[in-house]
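What the coordinates show
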Amino acid sequence: MSRFARLLERPRPRLSSLRTTFAVTFAVVTAAVTILVGILSYNSAARLVRVDQQSVFTQVVQDVQDEVRRYDRTPEDFSSSRPGHEVVRPSRTDVQVLGDKGQIVDHGSPALPVTAKDRAIASTGAAGHIVEYKDVVVASDVYRIATVALGDGRGAVQVAQEFSDTEDLLHALQQRTLVLMGVVVIAAGLCGWWLARRITRRLVALTSAAEDVARTRQLGIEVPVTGYDEVGRLGRSFDRMLGRLAQSEEDQRRLVQDAGHELRTPLTSLRTNISLLRRIDELPPATREDLVADLTQEARELTDLVNELVDLAAGQSDTEPPQRVDLAEIAEDVAGLARRRTGRDIVVRAAGDTTTDGRPGMLQRALSNLVENAAKFDRGGHGPIEITVTGPARPGTVRVEVLDRGPGIVEGDLIRIFDRFYRAPDARSLPGSGLGLSIVREVAMSHRGAPFAFRRDGGGSVIGFTVGADRAHHDHTAPSSGTRGTS
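The numbering scheme is per chain: residues are counted from 1 as the chain's sequence reads. Totals for whole chains, interfaces and linings use all residues, but because this is a predicted model, local features are given only for residues with pLDDT of at least 70 and pairs of side-chain atoms are given and counted only at 80 or more. Only hydrogens and water are set aside; all other atoms, that is, all heavy atoms of the structure, feed into the side-chain values.

Named according to an unreviewed UniProt entry, the chain is histidine kinase originating from Streptomyces tropicalis. UniProt positions are given in the numbering used here, feature names are shortened, and annotations may be inferred rather than shown by experiment. The UniProt entry for the chain carries the following comment under Catalytic activity (unreviewed entry): "ATP + protein L-histidine = ADP + protein N-phospho-L-histidine."

1. What about the environment of isoleucine 385?
Structurally, isoleucine 385 is set in strand β9 (residues 385–391). Relative accessible area decides the class of each residue, using a 1.4 Å probe on protein chains only: under 20% of the type maximum gives buried, over 50% gives exposed, and in between gives partly exposed. For isoleucine 385, a relative accessible area of 0% corresponds to the buried category. The contact criterion used is simple: two residues touch if any of their non-hydrogen atoms lie within 4.5 Å. Beyond its immediate sequence surroundings of up to four residues, isoleucine 385 is in contact with Arg344, Asp345, Ile346, Val347, Val371, Ala374, Ala375, Val402 and Leu403. Counting from the N terminus, the helices are DSSP H or I runs at least four residues long and the strands are E runs at least two residues long.

2. Digging into helix α7 (residues 327–342)
Taking 1.5 Å of rise per residue, 16 residues should cover 22 Å, and α7 covers 22 Å from first to last C-alpha, within 8% of that figure. Listing the buried residues of α7 in full gives Leu327, Ala328, Ile330, Ala331, Val334, Ala335, Gly336 and Ala338. Polar contact is defined as a pair of N or O atoms within 3.5 Å, subject to the rule that within protein one atom must be able to donate a hydrogen and the other to accept it, and that residues adjacent in sequence are counted only when both atoms are side-chain atoms. Put simply, aspartate 326 is the residue that caps the front of α7, since its side-chain oxygen is 3.0 Å from the backbone nitrogen of alanine 328. Following α7 by one or two positions, glycine 343 has its phi on the positive side, about 75 degrees. By this rule the span expected of a helix is its residue count minus one, scaled by 1.5 Å.

3. Here's the deal with unusual backbone geometry
With an omega dihedral of 5 degrees, the bond running from serine 109 to proline 110 counts as a cis peptide bond. The peptide bond linking glycine 391 to proline 392 adopts the cis configuration, its omega dihedral lying at -10 degrees. Along the chain, proline 392 falls in the loop between β9 and β10 (398–403). Residues other than glycine seldom take positive phi values, yet aspartate 152 does so here, at roughly 60 degrees. Relative to the helices and strands, aspartate 152 resides in the loop between β4 (141–149) and β5 (156–162). Aspartate 152 gets classed as exposed once you look at its relative accessible area, which sits at 56%.

4. Regarding the packing of aromatic side chains
Aromatic contacts are taken between Phe, Tyr and Trp rings whose centres are within 6.5 Å, Trp giving its six-membered ring; a plane angle under 30 degrees counts as stacked, one over 60 as edge-to-face, and the others as tilted. Inspection of the entire model under this criterion finds one aromatic pair. Across the ring face of phenylalanine 452, the terminal group of arginine 399 is positioned such that the distance to the ring centre comes to 3.9 Å. Any Lys NZ or Arg CZ found within 6 Å of a ring centre and within 35 degrees of that ring's normal is scored as a charge over the ring.

5. Here's the deal with the pairing of strand β8 (residues 355–358)
Taking every second residue as pointing to the same face, the buried face of β8 carries Thr356 and Gly358, while none of Thr355 and Asp357 on the other face is buried. For two strands to be treated as a pair, DSSP must find at least two bridges joining them. Looking at chain direction, strand β6 (residues 323–326) and β8 are connected through four bridges and run antiparallel. When the sheet's bridge partners are listed, aspartate 326 is paired in β8 with threonine 355.

6. A word on the nonpolar core
With 35 residues, the main nonpolar core has Leu327, Leu363, Leu367, Leu370, Ile387, Val402 and Phe465 as its most contacted residues. Of all the elements in the fold, those that place two or more residues in this core are α7, β7 (346–352), α8 (360–377), β9, β10, α10 (436–446) and β12 (461–467). Element by element, the count of residues in this core is highest for α8, at eight residues. The contacts of isoleucine 387, once residues within four sequence positions are left out, are Ala331, Ala335, Ile346, Val347, Val348, Arg349, Leu367, Val371, Glu401 and Val402. Residue types Ala, Val, Leu, Ile, Met, Phe, Trp, Tyr and Cys, when buried and joined through side-chain atoms within 4.5 Å, form a set referred to as a nonpolar core. By size, the runner-up hydrophobic cluster in this structure holds 14 residues, among which are Leu112, Tyr133, Tyr143 and Ile145.

7. What about the UniProt feature "transmembrane region" (unreviewed entry) in the chain?
According to UniProt, the positions carrying the feature "transmembrane region" (unreviewed entry) are residues 21–42 and 178–196. Across residues 21–42, helical content stands at 100% and strand content at 0%; the span's end C-alpha atoms are separated by 30 Å. The annotated region residues 178–196 carries 100% helix and 0% strand content, and the separation between its end C-alpha atoms amounts to 26 Å.

8. Comments concerning the sheet that holds β12
Reading across from one edge, β7-β9-β10-β12-β11 is the order of the five strands in this open sheet, with mixed pairing throughout. Both outer strands of the open sheet, β7 and β11 (451–455), are each paired with one neighbouring strand and no more. Between one strand axis and the next, the sheet turns by 15 degrees as a mean value, whatever way the strands run. Pairing analysis gives five bridges linking β11 to β12, with the strands arranged antiparallel. When the bridges of β12 are listed, phenylalanine 452 appears paired with glycine 464. Between N-to-C directions, angles span 0 to 180 degrees; the directions come from axes that are lines fitted to C-alpha atoms, helices contributing only their stretch in contact. Running over the sheet, α8 touches β7, β9, β10 and β12 and is turned about 175 degrees from β12.

9. Regarding the packing of α7 against α8
At a minimum axis separation of 9 Å, α7 and α8 run at an interaxial angle of 45 degrees. Relative to α8, the element α7 lies oblique. Read as a crossing pair, α7 and α8 show a hand that is right-handed. Along its contact with α7, which presents Leu327, Ile330, Ala331, Asp333, Val334, Ala338, Arg341 and Thr342, the element α8 presents Pro360, Leu363, Gln364, Leu367, Ser368, Val371, Glu372 and Ala375. To sort the angles, those under 35 degrees are grouped as roughly parallel, those over 145 as roughly antiparallel, those from 65 to 115 as roughly perpendicular, and the leftovers as oblique. For any helix crossing, the convention is left-handed if the near helix is rotated counterclockwise from the far helix by under a right angle, and right-handed if that rotation is clockwise.

10. A few points about the environment of leucine 403
With respect to the helices and strands, leucine 403 occurs in strand β10. A relative accessible area of 11% means that leucine 403 is categorised as buried. Along the backbone, leucine 403 and serine 461 are 58 residues apart, and their C-alpha atoms lie at a distance of 5.9 Å. When residues no more than four places from it in sequence are discounted, the contact partners of leucine 403 are Pro384, Ile385, Glu386, Thr388, Arg456, Ser461 and Val462.

Structure representation (structure tokens):
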């Protein structure tokens, strides 16, 4: 089982829990913020209300003190029944007037309690002298009371402010704040649930697709992709990943099938020749020599085939790090090695900037395959094999060509010579596996390029590849003629 399948088959938490977690988290965060804001708002409002009420009460008491200190006032001057009395009576403020003995001259509404201190203040000689009481219960309501002396024993004025109604107001405000907080928290939870469902709906679809892949092991399952946010990008990335995996799986399957098919021929020939070895003593000397030569040739071809299969597989998963390389220098190295192997004259021509980013080992392998292919099919040629390296045809691209004077390529083979194991009918009698140009194609495509092949003016072929080019621009339009095989 592949690592990808094992990862998909691991138990995973339900996405519905993600919705719940998202909604609860959204509600908790909102609740915390709402509670904090509600507490701060309530405390601020309560403090402002209490300070405002206290300041009103203090101002009224201060006005009474200023009045009795500046003028000689009598209890009658503060009576509520006397027209034009001097005391301003704000809302929730009660005024009660005391006589010289502390007796009530003008009842407040409601009547305020009179203590011994109040009677003493009424008979004192210092005008504006004051005594204050807090949290005095009068008729089940709570009041603040201040008694101000009129001076010279003429009496006193009691000023009271109801305090309980302010607390009732604040209590009602507190209840309304709690209700509002509850409504906000519930609304936040519902909004979080709706938002989580909207977001996770596409995640559920992606999870279903992943589970289908794990269950069926079919990489061609359609992946739903919508939107351009992170979830949409995830869906597109997942779809591309499955596409790459499917293509890789198909390439592996095709490579195994093709390799098995190609291996049967040399193996069958080897078995036939090995069976003849049992009667080698009965064979004439010339037949023995042919048999040994045939076995040697079959073993060599089988070795070459296995080596090229290894090279092809390595080209698909090469881990060689990219670096800055000069394709002209690589061409010189390949040409020198090919001269020693084949004895042919090989000419390298370079023009322009031939440096690019690539894997030197893979590029050298591809160029070597092209030169060996040209030498094999141009055995009787007297002209040199030419390697041209040109760059840049377009920004960041380098073009590599190998030119020979061999028999050329027929038009029907142009689109197939880079296929794995494909060999033209005229080339099947020659040594080779049909993988050389396939490796060239793999190397070119892994370097953002493409292979190409066309007829050379005057006879022969031009086969090469580009590096760093847009694959949509590779050359398939050059004219072709003649007959040519592949290695």
